[in-house]
Amino acid sequence: MNKKETAEIKKNFSDKSGFFIMERILTAFIDAEKNLRYQNVASCLTMSVEEHDVYDETLKKVLNTNVGKSFVEYEFPNEAYEEGKPQDILYKLLKSELKDEVVCENFLHHIAENTAHEGPYAVLTAYCSYTIRKKDKNDEFAEGEDEIYRYLLTAICPVSTSSDGFVFDSFNNEITKKVNNELIISKSPSDGFLYPVFSNRSTDINHVMYYSRSAGKPNISIIEDVLGCPFVMSAENEKASFQNILKNVVGDDLDYTLIRTVNDKLQEVAEENKNETDKAVIDSVKFRDILSDAGVSEERVKMVEPVYEKTCGTAPLTVSNLIETKTVLTSPGITVNIKPSAADKVRTSVVDGRRCLLIDIDDPTIEINGLPVTLS
């Protein structure tokens, strides 16, 4: 799923959409010892508006449009389709429409047994349907061509006691310390997943989308053990790997101009692929081409493939995770933030034997701590 497809599902995740129905919801509580303590399936069509709104608010957060970072697509490996394996479990749950108690219980036990989680948590899984309006060659809605996208949306929500504090006791007319032992389910899921995915405006049962509230700290147990998919590096890890390769290949030749040029090349790749369904990626060959175009010597460019393989194997890197939206120069006691539009106004040079950072200023009036200063 790309950002546009995710945004379409998120936008229509509402009864007001007219094309969306959340039919049933499976709720469960799993304690810190991995015991399934509670499970229930309720009809969303008969529950109160207030309860329905809380489910909407919580589950919608899983549909994060930060695709490739907080919301990552995974393809099921062949073994995941075997009886009792993750894709098989999810597919049977989807087909059951949450109506089969045994299928629901198997799904929940699968999560409980395979999820590494500190403390207790709740599992919320909604069975939803979205009517996909198809258009003809004249860009008009085609009659009788609609498709129904049926999907499961799961949110894993931490559970804890609410914060203690002071409350006003109106009965005794005094302020007292609040003590609360009730377990409160967070409305901000730590993790979640969408199955099947919505790809090319159709259903794809061979992929699943995983959500993590902390993009840099995904719960790998959910990805590998619950969903049965090989873990893909987080956005932060991809950037760190990219920077590590760049440093090892370029070495002492790495300077401000080269870093800015490489970032510009990455932006060009992203721009060339902005209308593509699949996310833009680079592999060792593309990385080598980028450095060559940036003026890195042929001797160093030849080092890219072995260094890349040692760092990332054969896994490609997501371009959007590598692009810097601003340039940050740091030195002990000094930090300079530079927007892309002003990147060409900064230079490094040696002046009177000292290494200097030079900034071209068109307007002699600048502000220091909010105060106007004119440079002579």
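Provided above is the structure to which this section pertains.
Only a predicted model underlies this, so the values are computations on that prediction, with no experimental measurement involved.

Turning to the packing of aromatic side chains, a few remarks are in order. Scanning the entire structure with this criterion turns up 9 aromatic pairs. Centre to centre, the rings of phenylalanine 13 and phenylalanine 20 are 4.8 Å apart; their planes meet at 50°, and the pair counts as tilted. Judged by relative accessible area, phenylalanine 13 falls into the buried class, the value being 2%. Accessibility expressed as a relative area gives 5% for phenylalanine 20, which makes it buried.

Another point: the pattern of salt bridges. On inspection of all chains with the given rule, the structure shows 16 salt bridges. For glutamate 57, the salt bridge identified is with lysine 187, shortest N-O distance 3.5 Å. With glutamate 57 in helix α2 (residues 49–60) and lysine 187 in the loop between β8 (183–185) and β9 (191–195), the pair connects residues that are 130 residues apart, well separated along the chain. We classify glutamate 57 as partly exposed; its relative accessible area is 36%. Residue arginine 288 is joined to glutamate 305 by a salt bridge in which the shortest nitrogen-to-oxygen separation is 2.6 Å. Placement of arginine 288 in helix α8 (residues 284–293) and of glutamate 305 in helix α10 (residues 304–312) is noted, with a sequence separation of 17 residues between them. One salt-bridge network, in which partners are shared between bridges, spans Glu23, Arg24, Glu97 and Lys99.

Once that is clear, we can look at the side chain of asparagine 2. Within the element layout of this structure, asparagine 2 appears in the segment before α1 (3–11). At 2.8 Å, the side chain of asparagine 2 forms a polar contact with the backbone nitrogen of glutamate 5.

Mapped onto the secondary structure, valine 49 falls in helix α2. Measuring from C-alpha to C-alpha, the distance between valine 49 and glycine 68 comes to 33 Å, with 19 residues separating the pair along the chain.

Estimates place the volume of the second largest pocket at around 890 Å³. If you go around the second largest pocket, you meet 35 residues; those closest to its centre are Tyr256, Ile259, Thr327, Val328 and Leu329. Mapped by element, the contributors of at least two residues to the lining of the second largest pocket are α6 (235–250), α7 (256–272), β15 (327–331), β16 (334–338), β17 (346–351) and β18 (354–359). For the lining of the second largest pocket, a count of residues per class yields 18 nonpolar, 9 polar and 8 charged.

A few words on the environment of leucine 194. Take leucine 194: it is sitting in strand β9. The class for leucine 194 is buried, based on a relative accessible area of 0%. The contact partners of leucine 194, leaving out residues within four places of it in the chain, are Met1, Leu63, Phe71, Tyr149, Tyr151, Leu152, Leu153, Val208 and Met209.

This next bit is on unusual backbone geometry. Among all residues except glycine, the phi angle is most often negative; among peptide bonds, the trans geometry is most common. Residue proline 196 follows tyrosine 195 across a cis peptide bond; omega there is -10°. For proline 196, the location among the structural elements is in the loop between β9 and β10 (197–199). At lysine 34, a residue that is not glycine, the phi angle is positive and equals roughly 70°. Within the secondary structure layout, lysine 34 lies in the loop between β1 (20–30) and β2 (36–43). By relative accessible area, lysine 34 is classed as partly exposed at 40%. Backbone geometry places asparagine 200, a non-glycine residue, at a positive phi of 55°. Along the chain, the position of asparagine 200 falls in the loop between β10 and β11 (202–204).

What counts, and at which threshold
Residues numbered from 1 in each chain as written. Predicted model: local features only at pLDDT ≥ 70, side-chain atom pairs only at ≥ 80, totals over all residues. Heavy atoms only, no water. Phe/Tyr/Trp six-rings, centres within 6.5 Å; stacked < 30°, edge-to-face > 60°. Buried < 20%, exposed > 50% of the residue type's maximum accessible area, 1.4 Å probe, protein only. Salt bridge = Lys/Arg side-chain N within 4 Å of Asp/Glu carboxyl O. Helix = DSSP H or I, 4+ residues; strand = E, 2+ residues; numbered from the N terminus. Polar contact = N/O pair within 3.5 Å; in protein donor to acceptor, adjacent residues only side chain to side chain. 1 Å grid on protein atoms, 1.4 Å probe; cavity = no way out; pocket = protein on both sides within 12 Å on 5 of 7 lines; lining within 4 Å. Points joined across faces, edges and corners; volume = space filled by probe spheres on them. Nonpolar A, V, L, I, M, F, W, Y, C, P; charged D, E, K, R; others polar. Contact = heavy atoms within 4.5 Å.

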